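Here is how the chains run, residue by residue.
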Amino acid sequence: MTKAILPSEAVKFLRRLKWALTDLPRDDRDDIASELSVHIEERIKGGAEINDILSGFGSPEIYARSFIIEHEYSIALATRRLANLMPALATQAAKNVNALAATVLLGAMWLGAFSLAVVAIAKLFSPAHIGLWRSETEFYLGFHDDPLSASELLGFWIFPLTLCALLSAVILSRWIALYTLERK
Amino acid sequence: MNNKNDTQLLKGLAELAILAALSKRTQYGLELLSEVSVQAGIHLGEGSIYPLLHRLQKDKLIVSEWRLNTPSGRPRKYYKCTKLGRAALSEKINSWRSIRKTLDEYLKGLR
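Residues numbered from 1 in each chain as written. Chains lettered and ligands numbered in written order. Predicted model: local features only at pLDDT ≥ 70, side-chain atom pairs only at ≥ 80, totals over all residues. Heavy atoms only, no water.

Colleague: Just to check I follow, could you spell out helix α3 (residues 50-57) of chain A for this structure?
Modeller: Along an α-helix, a turn takes 3.6 residues, which lines up residues three or four apart on a common side. Residue and element names in this part refer to chain A. Of all the residues in α3, the buried ones are I50, I53, L54 and F57. For α3, the angular spread of buried residues about the axis comes to 90°, placing them on one side. Seen from the open side of α3, the exposed residues pointing more than 90 degrees away from its buried face are N51, D52 and S55. Tucked into the core, α3 has its buried residues touching α1 (8-20), α2 (26-45) and α4 (60-79). Positive backbone phi, at 80°, marks G58, one or two positions downstream of α3. (Buried < 20%, exposed > 50% of the residue type's maximum accessible area, 1.4 Å probe, protein only. Helix = DSSP H or I, 4+ residues; strand = E, 2+ residues; numbered from the N terminus. Arc of directions from axis to C-beta. Contact = heavy atoms within 4.5 Å.)

The structure is reproduced here in structure tokens:
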């Protein structure tokens, strides 16, 4: 069977598409490109102009995103690893209100955990001035320039508390991401 | 309703139309694109069909195979509905009918 000769615009499109699909397994990438190659060839045989055909696909990089998003989603559910689940959830947030709500919730949770971690690290360098401060007019976590004028509530409990917050964030993130993605 | 909303509405029905078409017979991409456009009135963009088919296949609702002996002489990738796909189609049809009935009642008397 002879290989089709496509116009140079189509060859260029397919080359850019394959490059944009680098994250996909090679077989999937080749399969997608082959199928589109046949599609383009048959449309040309049917009388369509190559520029009209290619404009229907749009930019190859943007077109590739739809395949990559599904691939990320499949990998996330297959591996169940947080490093894969979080990007897949963030991608779904753009088109799914449950995923958006989950992303916002996890974002707030991680912001809280990281804030606590930053304060805990700062406490190693300035233990007298860093902590959870309470006075008649103030209640906050951070630096206090006059430690004698307020009560520090946590002391060195900030370290195990930070560890608990980070572990909770990891465990809850994984659970919430899996729950949301499996119900997409 | 503006064009963007029309597009979103039609895309939401595309899976239903594709599964319905593939439940009747095995088809390849370009053929399917034509059928859902002409028969079902759902006009998908040139390349929109393939990401949808890719997703349906990942969800195991359809399967595909490359065939070498085709009328065009070129290999084509054909798709068909699985048992799971037919069950999903049945659910989607019931949902669609329920939504349409409720919406039609609601829109009665409005222009």
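Colleague: Any chance you could explain the interface of chain B and chain A here in plain terms?
Modeller: One widely used convention gives an interface's size as the accessible area the parts lose upon coming together. On the chain A side, the residues contacting the 19 residues of chain B number 25 residues. For the pair chain B and chain A, the two sides together bury roughly 2,000 Å², of which 55% comes from carbon and sulfur. If you sort the residues of chain B by the area they bury against chain A, E46, Y50 and R74 of chain B come out on top, with a joint share of 35%. A salt bridge links R43 of chain A to E46 of chain B, with the shortest nitrogen-to-oxygen separation between them at 2.6 Å. In this assembly, chain B and chain A are joined by ten residue pairs in polar contact (both at pLDDT 80 or more). If you tally residues by element for the side of chain B that touches chain A, the top one is helix α3 (residues 49-58) of chain B, at five residues. Class assignment of the residues belonging to the side of chain B that touches chain A gives a composition of nine nonpolar, four polar and six charged. (Buried area = accessible area lost by both parts, 1.4 Å probe. Salt bridge = Lys/Arg side-chain N within 4 Å of Asp/Glu carboxyl O. Polar contact = N/O pair within 3.5 Å; in protein donor to acceptor, adjacent residues only side chain to side chain. Nonpolar A, V, L, I, M, F, W, Y, C, P; charged D, E, K, R; others polar.)

Colleague: Where do I start with the nonpolar core in this structure?
Modeller: Soluble globular proteins: nonpolar side chains tend toward being buried together. Judged by nonpolar contacts, the single largest core of 46 residues is most densely connected at L36 of chain A together with I18, L44 and L53 of chain B. No other element matches the seven residues that helix α1 (residues 3-24) of chain B contributes to this core. Ignoring anything within four residues of it in the chain, the contact list for L36 of chain A reads F13, L14, L17, F57 and Y63 of chain A together with Y50 of chain B. (Core = buried A, V, L, I, M, F, W, Y, C linked by side-chain atoms within 4.5 Å.)

Colleague: Is there a simple way to explain the pattern of salt bridges in this structure?
Modeller: Once their charged atoms are close, side chains differing in charge can pair, the charge on each being opposite to the other. Tallied over the entire structure, the rule returns 17 salt bridges over all chains. Between R25 of chain B and E35 of chain B there is a salt bridge, with its nearest N and O atoms 3.1 Å apart. Placement of the pair is R25 of chain B in the loop between α1 and β1 (27-28) and E35 of chain B in helix α2 (residues 29-38), with a sequence separation of ten residues. The class of E35 of chain B is buried, set by a relative accessible area of 14%. Residue K108 of chain B is joined to E105 of chain B by a salt bridge in which the shortest nitrogen-to-oxygen separation is 3.2 Å. One network of salt bridges, in which partners are shared, links K18, R26 and D30 of chain A.

Colleague: Can you walk me through empty space enclosed by the protein in this structure?
Modeller: In this approach a probe as big as a water molecule rolls over the atoms, and the regions it shows empty are the leftover space. Considering all chains together, one arrives at one cavity of 30 Å³ or more under this definition. Volume-wise, the largest cavity comes out at about 80 Å³. Taken together, E35, V38, H39 and E42 of chain A together with Y28, G29, L30, Y50, W66, R76 and K77 of chain B form the lining of the largest cavity. Breaking the lining of the largest cavity down by element, the ones donating at least two residues are α2 of chain A together with α2 and β3 (76-81) of chain B. Per-element tally for the lining of the largest cavity: the top contributor is α2 of chain A, with four residues. (1 Å grid on protein atoms, 1.4 Å probe; cavity = no way out; pocket = protein on both sides within 12 Å on 5 of 7 lines; lining within 4 Å. Points joined across faces, edges and corners; volume = space filled by probe spheres on them.)

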